[in-house]
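# Geometric and topological summary
Spelled out, the chains give:
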Amino acid sequence: MNLAMPLPRIENRLRKNPAKERDQLLQGLLQPQARINPKYFYDDCGCEIFTRICELDEYYPTRTEEAVFQAYASDIAQRLPEHAQWIDLGCGDCAKSRRWMEELAPRRLIGVDIAAEFLKLSLADVAAVHPRVECVGVVSDFTQQLDIAGLLAERPHCPPIFFYPGSSIGNFTRPDALQLLQAIRSHCGADGRLLIGVDLVKARSVLEAAYDDTQGVTAEFNLNVLNVVNRELDGNFRLEDFRHQAVFDSRHSRIEMRLVARNDLVVKLGNHRRAFQQGEHILTEYSHKYTPEGFSALLEEAGFNRPECWTDDRGWFGVFLAGPA
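To keep things clear, this report deals only with the structure shown in the data block. None of these values were measured; they are calculated from a predicted model.

### Examining the environment of Ser 74
Within the element layout of this structure, Ser 74 appears in helix 3 (residues 61-77). The partly exposed category is assigned to Ser 74, whose relative accessible area is 44%. Remark: the alpha-carbon pair of Ser 74 and Ile 36, spanning 38 residues in sequence, is separated by 40 Å.

This is the structure:
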């Protein structure tokens, strides 16, 4: 008789405050330098558009990171502890973790994501294929607070391996990136590891093309955030009043995604009004780029030791593995 497999355990640690979040979004838009948190990119429409971005010729990060994993998976696996707890930060559909389930056979997979229902379905899919791996979901915005020490302590003989692919660390300013890395380090104990993907510095033309493709898909993605703002704040942004812009700031080693006003205009945001002059922009995302030496130094400042780095043949993307100091 076939017994139905129990659903993975889910712990909801997300303490949402919609009123506070709406106020933070509003205040960001009312600042002299208007800005929108990039988390608002990812409504259903934004997620669909981002999937298309990952398939573009110009958008190299996803396939380049995968090529590094393909080339060096065995080499990386030899440096990772056995019987581990695999923690996928921002796991989404867990697609990037699935290869490591085969490579490492960890005792436990902990998926951390902000989307509860999607997390539950994703972990159920993994559990169906890997019944010997205990799957646990944590609904949390780990970029604001990472606190899973109690969960890790349930398996004291299973060292944690934190997995943070996709170069999402680039969306943080250096101080915020350091703070997140320190939070991860504090969970590693004596034997834990961090495996993280990082986009590296390269030619301006390559970087800017990746964030401003010829088909206009990235522009569509960036402009869609105004639809989200309209829903959240009862706004009346018109997408045709803004144009997408992506520029590489070499001084800060980062791509800046912007929405630039095509003309003078006034936008309603609930009971508030925000005027934009022609050429004024809304900042929607940073994407910092690192050198291998620079990111290794950041890891060491966060308390990690002996960082190793694997890159593709062109040196466009780095996969870093670090342990505790």
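### What about the nonpolar core?
Ranked by size, the top nonpolar core spans 37 residues in total, and within it Leu 29, Ile 36, Leu 226, Phe 237, Phe 242, Phe 276 and Ile 282 carry the most contacts. Counting residues per element, the ones that place at least two in this core are helix 1 (18-30), helix 2 (44-53), helix 8 (204-210), helix 9 (217-233), strand 7 (242-249), strand 8 (254-261) and strand 9 (265-269). Element by element, the count of residues in this core is highest for helix 9, at eight residues. Excluding residues within four positions of it along the chain, Ile 282 makes contact with Leu 29, Gln 33, Ala 34, Arg 35, Ile 36, Leu 226, Phe 237, Phe 242, Met 257, Arg 258, Leu 259 and Phe 276. Residues Val 136, Val 198, Phe 295 and Leu 298 belong to the second largest nonpolar core, which totals 33 residues.

### Structural notes on the sheet that holds strand 8
A sheet is described by the order of its strands in space; here three strands give the open sequence 7-8-11, paired in antiparallel fashion. Since the sheet does not close on itself, it has two edges, and those belong to strand 7 and strand 11 (281-288), each with one partner. The sheet shows a mean angle of 20° between the axes of neighbouring strands, taken without regard to direction. Examined bridge by bridge, strand 7 and strand 8 share eight bridges and lie antiparallel to one another. The partner of Arg 243 across the bridge, within strand 8, is Val 260.

### Describing the packing of helix 3 against helix 4 (residues 95-104)
Their axes nearest at 11 Å, the elements helix 3 and helix 4 cross at an angle of 20°. Between helix 3 and helix 4, the angle falls in the class roughly parallel. With respect to the hand of their crossing, helix 3 and helix 4 are arranged in right-handed fashion. Contacts between helix 3 and helix 4 involve Glu 65, Glu 66, Phe 69, Gln 70, Ala 73, Ser 74, Ile 76 and Ala 77 from the former and Lys 96, Arg 99, Trp 100, Glu 103 and Leu 104 from the latter. When the residues that make up the contact of helix 3 with helix 4 are grouped by side-chain class, the tally is six nonpolar, two polar and five charged.

### A word on the environment of Ala 105
Its place among the elements puts Ala 105 in the loop between helix 4 and strand 3 (108-113). Counting along the chain gives 25 residues from Ala 105 to His 130, while the straight-line C-alpha distance between them is 8.8 Å.

### Notes on the pairing of strand 6 (residues 193-199)
Counted residue by residue, strand 6 has seven buried out of seven residues, so it is predominantly covered. Side-chain alternation along strand 6 places Arg 193, Leu 195, Gly 197 and Asp 199 on one buried face and Leu 194, Ile 196 and Val 198 on a second face that is also buried. Sheet topology note: the strand 5 (residues 160-164)/strand 6 ladder contains four bridges and is parallel. Bridging from a neighbouring strand, Ile 161 pairs with Arg 193 of strand 6.

### Observations concerning the layout of surface pockets
Considered as a void within the structure, the second largest pocket measures approximately 150 Å³ in volume. If you go around the second largest pocket, you meet 15 residues; those closest to its centre are Pro 156, Cys 158, Pro 159, Pro 160 and Cys 188. Residues that form the lining of the second largest pocket fall into these classes: eight nonpolar, five polar and two charged.

So, how was this worked out
- Residues numbered from 1 in each chain as written.
- Predicted model: local features only at pLDDT ≥ 70, side-chain atom pairs only at ≥ 80, totals over all residues.
- Heavy atoms only, no water.
- Helix = DSSP H or I, 4+ residues; strand = E, 2+ residues; numbered from the N terminus.
- Buried < 20%, exposed > 50% of the residue type's maximum accessible area, 1.4 Å probe, protein only.
- Core = buried A, V, L, I, M, F, W, Y, C linked by side-chain atoms within 4.5 Å.
- Contact = heavy atoms within 4.5 Å.
- Pairing = 2+ DSSP bridges.
- Axes fitted to C-alpha atoms, helices over the stretch in contact; angles between N-to-C directions.
- Parallel < 35°, antiparallel > 145°, perpendicular 65-115°, else oblique.
- Left-handed = near helix turned anticlockwise from the far one by under 90°.
- Nonpolar A, V, L, I, M, F, W, Y, C, P; charged D, E, K, R; others polar.
- 1 Å grid on protein atoms, 1.4 Å probe; cavity = no way out; pocket = protein on both sides within 12 Å on 5 of 7 lines; lining within 4 Å.
- Points joined across faces, edges and corners; volume = space filled by probe spheres on them.

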